[in-house]
Amino acid sequence: MNGKVYIHEFIDITKQNRARYMHHMTANWSPIGQEQRNQLCYGVWGVVGSTGRWPQVVNIWEEDGFAGLAASFRHEFTGATLQDPALERWWAAAADLRSGGVDRLLVPHPDMPTIEEICRRGPRGEVYAHELIEVEAGTARDALAAMVEDAASGQDRHGWRLAGAWATAMRNDDECVLLWAIPGWETWAEVERDEAAGRPRLLRRAAALVRGRERILLADSALCPFRTGRQPSRADRVDWVD
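Residues numbered from 1 in each chain as written. Predicted model: local features only at pLDDT ≥ 70, side-chain atom pairs only at ≥ 80, totals over all residues. Heavy atoms only, no water.

Glancing now at the pattern of salt bridges. According to the stated counting rule, one finds 19 salt bridges in the structure shown. Across the salt bridge formed by E175 and R171, the nearest N and O atoms sit 3.8 Å from each other. Owing to a relative accessible area of 8%, E175 belongs among the buried residues under this scheme. Exposure remark for R171: the relative accessible area of 45% places this residue in the partly exposed category. R215 is the partner of E192 in a salt bridge, and the nearest nitrogen-oxygen pair spans 2.5 Å. With a gap of 23 residues between them, E192 in helix α6 (residues 185-196) and R215 in strand β8 (residues 210-220) connect regions that are remote in the sequence. On the basis of relative accessibility, which here comes to 19%, the residue E192 falls in the buried class. (Salt bridge = Lys/Arg side-chain N within 4 Å of Asp/Glu carboxyl O. Buried < 20%, exposed > 50% of the residue type's maximum accessible area, 1.4 Å probe, protein only. Helix = DSSP H or I, 4+ residues; strand = E, 2+ residues; numbered from the N terminus.)

This part takes up the packing of aromatic side chains. What the rule picks out here adds up to 13 aromatic pairs. A centroid spacing of 6.3 Å and a plane angle of 85 degrees characterise the contact between W185 and W188, whose relative ring orientation is edge-to-face. Of this pair, W185 and W188 both sit in helix α6, 3 residues apart, which is roughly one turn of the helix. Relative accessible area serves as the criterion here: at 33%, W185 is assigned to the partly exposed category. A relative accessible area of 23% means that W188 is categorised as partly exposed. An aromatic cluster is present here, built from Y6, Y42, W45, Y128, W166 and F226 joined pairwise through their rings. For R89, the ring lying beneath its charged end belongs to W240, and the centroid distance is 3.9 Å. (Phe/Tyr/Trp six-rings, centres within 6.5 Å; stacked < 30°, edge-to-face > 60°. Lys NZ or Arg CZ within 6 Å of the ring centre and 35° of its normal.)

Turning our attention to helix α1 (residues 18-37). Residue W29 marks the point of greatest curvature in α1, where the axis turns by about 45 degrees; the proline P31 follows within four residues. Downstream of α1 by a residue or two, N38 has a phi angle that is positive, lying close to 55 degrees. (Bend = angle between axes of the 7 residues up to and from the residue.)

With that out of the way, let us pick up the sheet that holds strand β6 (residues 161-168). Strand pairing in a sheet takes place through backbone hydrogen bonds and is either antiparallel or parallel in direction. Read around the closed barrel, 8 strands run β1-β3-β2-β8-β5-β7-β6-β4, paired in antiparallel fashion. Within the sheet, the average angular offset between the axes of one strand and its neighbour, ignoring direction, is 35 degrees. Pairing between strand β1 (residues 5-13) and strand β4 (residues 98-108): 8 bridges, direction antiparallel. Residue pairing across strands places I13 opposite R98, the latter belonging to β4. Each of β1, β3 (56-63) and β4 touches helix α2 (residues 65-77); the most contacted strand, β1, lies at about 50 degrees to it. (Pairing = 2+ DSSP bridges. Axes fitted to C-alpha atoms, helices over the stretch in contact; angles between N-to-C directions. Contact = heavy atoms within 4.5 Å.)

Counting residues in each nonpolar core, the largest one holds 25 residues, and the members touching the most others are M147, L162, L178, W180 and L203. Contributing elements (two or more residues each) for this core: β5 (127-135), α5 (140-158), β6 and β7 (175-182). At 7 residues, α5 tops the list of elements feeding residues into this core. With residues near it in sequence (within four places) discarded, L178 still touches A129, H130, E131, I133, L144, M147, L162, G164, A165 and L203. Listed in part, the 23 residues of the second largest apolar core include L40, I60, I115 and W166. (Core = buried A, V, L, I, M, F, W, Y, C linked by side-chain atoms within 4.5 Å.)

Laid out in structure tokens, this is it:
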């Protein structure tokens, strides 16, 4: 059973800094988060601009449950500046690469794999589909269970594999987030063609529970664990020393 909690971030990138920012998050930050906060990098992706906001990055971090997240928050926000003094230089460098963002906390469906399990056995994709799904207030967990069942029963039909399925915390139990691993661009095109023509292939039973839905595409960063099968490390750094 997956008892983790996840931080999900939409990050707006300045100018042509997306690749630099993704490297700064993975190689320069993640090893620190692993050591000091027991935080794992679940994934860092670039948004395919034709399908969503650009230039934008999606970061997802895996925390050791709400207790682990509370310890991480204390580490970050105890000081007068509301910032870990040891990370002042890192934050300054990040500020030159991004203009802001929007975060949410996610609670996984209990059957979803952790990032360590994904690194061992997948799924992997050439491209990923990310969905924000709005449901009736108070029904997110039930709707998420139906989506997971739909994904499992339809996997052989469409080839998309559900890598992540979460309900958003600190809301009115009304939002779900899905991450699909897609084996190739052609497989994405086939399914999207049918979805656009009113022939749904992804969510069937759960479709009646959905009030709103937005799907964008993501591409792996160079050090995304989905691509490398491991966590980022200090050995991945190019020009950075703590």
